[in-house]
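# Reading the structure
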Amino acid sequence: MKILITAGPTREPIDPVRFISNRSSGKMGLALALTAIERGHEVALIAGPVSVDLSAIPRVITVETADDMLHAVRRELEWCDALVMAAAVADWRPAEVIAEKLKKNNMPRNLQLEPVPDILGTIAPAKGSRIFVGFAAETGNLLEEASRKLVAKKLDLIVANDVARPDSGFESDTNMATLITASAKPGAPVLMTKQELAGRIVQWIESRGP
Ligand code: CTP
């Protein structure tokens, strides 16, 4: 299959030296890409500014902002059979980007923010028969929030990930996670390595694949 994966955080500039971002290393996206390649799939990885080495992935498209990621996903969507949105998109950006470095003494006390586009929401009309997989990183009401996003974002599968624990989520090598679909009652989250979780996700995609 042709699998499009997004990974890492996005970054929204405040001025030439400062930005707003999300905590995310890119480890989950990398594990997904490696697992999919190992299992014989073609992979394109759209990566924000990650802190992992992506040199083992033949096709990497690097992006910075949510807008960049949206454009890259739009461009690659037609190519793919499945999209896995493992990226932790920063939800807000400054309403205005300052062209010159803001001097410490001139820093505004408040930043005017605006929402970035919802990537899955924007591309949903072009889904067709493609498989869409999303992630829900939550600190509370994990199963309820993930199930809500499964429906709201028109996903086939959502990975509910408990990031309230130190051994799960951002920068960690393990995730406390469970896979949720519309057709089955969600199981209890289980602590597993990101490789193991990636294996379960890719196998689920294969089971639904063309
Ligand atoms: N996502 C996206 N575009 C965004 C934000 C998130 O496509 N601007 C994707 C993520 O990659 C993930 C899924 O949507 O696969 C859920 O992300 P999450 O941040 O949990 O969703 P939000 O809609 O931002 O929800 P919340 O209300 O919790 O902020």
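Scope of this entry: the structure provided in the associated data block. (Residues numbered from 1 in each chain as written. Predicted model: local features only at pLDDT ≥ 70, side-chain atom pairs only at ≥ 80, totals over all residues. Heavy atoms only, no water.)

## Structural notes on the overall build of the protein
Each helix and strand counted, the protein has 5 helices and 12 strands in total. Computed over its C-alpha atoms, the radius of gyration of the protein comes to 17 Å, within 12% of the 17 Å expected for a compact globule of 210 residues. Each of the three principal axes of the protein carries a C-alpha extent, and together these read 55 × 35 × 35 Å. Classification of the 210 residues of the protein by burial places 46% in the buried group. (Helix = DSSP H or I, 4+ residues; strand = E, 2+ residues; numbered from the N terminus. Rg over C-alpha atoms; globule rule 2.2 N^0.38 Å. Buried < 20%, exposed > 50% of the residue type's maximum accessible area, 1.4 Å probe, protein only.)

## Looking at the site of the ligand
Around the ligand, the structure places 14 residues, and the nearest of them are Met-85, Ala-87, Ile-119, Lys-149 and Lys-153. Note that a nitrogen atom of the ligand is positioned 2.9 Å from one of the backbone N or O atoms of Ile-119. For the ligand, an oxygen atom lies 2.9 Å from a polar atom in the backbone of Phe-135. About the coverage of the ligand: the protein hides 77% of its 580 Å² of free accessible area. (Near = heavy atom within 4 Å. Polar contact = N/O pair within 3.5 Å; in protein donor to acceptor, adjacent residues only side chain to side chain. Areas by Shrake-Rupley, 256 points an atom, 1.4 Å probe, with all protein chains shown as cover.)

## Focus: the packing of aromatic side chains
Overall, the coordinates contain 0 aromatic pairs when judged by the stated rule. Stacked on the ring of Trp-79, the Lys or Arg Arg-59 has its end atom at 5.5 Å from the ring centre. Cation over ring: Lys-127 sits above Phe-132, and NZ or CZ is 5.4 Å from the ring centre. (Phe/Tyr/Trp six-rings, centres within 6.5 Å; stacked < 30°, edge-to-face > 60°. Lys NZ or Arg CZ within 6 Å of the ring centre and 35° of its normal.)

## Description of the pairing of strand S10 (residues 157-162)
When you tally the buried positions in S10, you get 5 out of 6 residues, the bulk of the element. Across 6 bridges, strand S9 (residues 131-138) lies against S10 in parallel orientation. Bridge pairing in S10 places Val-133 opposite Leu-157. Between the parallel elements S9 and S10, the chain passes through helix H4 (residues 142-152) in a crossover that is right-handed. Pairing analysis gives 4 bridges linking S10 to strand S11 (residues 174-180), with the strands arranged antiparallel. Bridging across to S11, Val-159 finds its partner in Leu-179. (Pairing = 2+ DSSP bridges. Right-handed = clockwise from strand over helix to strand, strands pointing away.)

## Description of the pattern of salt bridges
A complete count under the given rule lists 13 salt bridges for this structure. Here Arg-39 and Glu-206 are joined by a salt bridge, their closest N and O atoms 2.7 Å apart. One end of the pair, Arg-39, is in the loop between helix H1 (27-38) and strand S4 (42-47); the other, Glu-206, is in helix H5 (residues 194-208), with 167 residues separating them in the sequence. Ionic pairing is found between Asp-167 and Arg-165, a salt bridge with its closest N-O pair at 2.8 Å. Asp-167 sits in the partly exposed class, given a relative accessible area of 25%. Three or more residues joined by partner-sharing salt bridges are found here, namely Asp-67, Arg-93 and Glu-114. (Salt bridge = Lys/Arg side-chain N within 4 Å of Asp/Glu carboxyl O.)

## What to know about H4
Along H4, the positions that sit buried rather than exposed are Leu-142, Ala-146, Lys-149 and Leu-150. For H4, the arc enclosing every buried residue in end-on projection is 110°, short of the 170-degree limit, so these residues lie on one face. Seen from the buried face of H4, the exposed residues on the opposite side, beyond 90 degrees, are Glu-144, Val-151 and Ala-152. Residues of H4 that are buried sit in contact with S9, S10 and S11. Positioned one or two residues after H4, Lys-154 has a phi angle of 55°, which is positive. (Arc of directions from axis to C-beta. Contact = heavy atoms within 4.5 Å.)

## Here's the deal with the sheet that holds S4
In space, the 8 strands of this open sheet follow the order S5-S4-S1-S6-S9-S10-S11-S12, with mixed pairing throughout. Each of the sheet's edge strands pairs with one partner strand only, and the pair in question is strand S5 (60-62) and strand S12 (190-193). Pairwise comparison of adjacent strand axes, ignoring direction, gives a mean angle of 25° for this sheet. Bridging between strand S6 (residues 82-85) and S9 involves 4 bridges; their strand directions are parallel. (Axes fitted to C-alpha atoms, helices over the stretch in contact; angles between N-to-C directions.)

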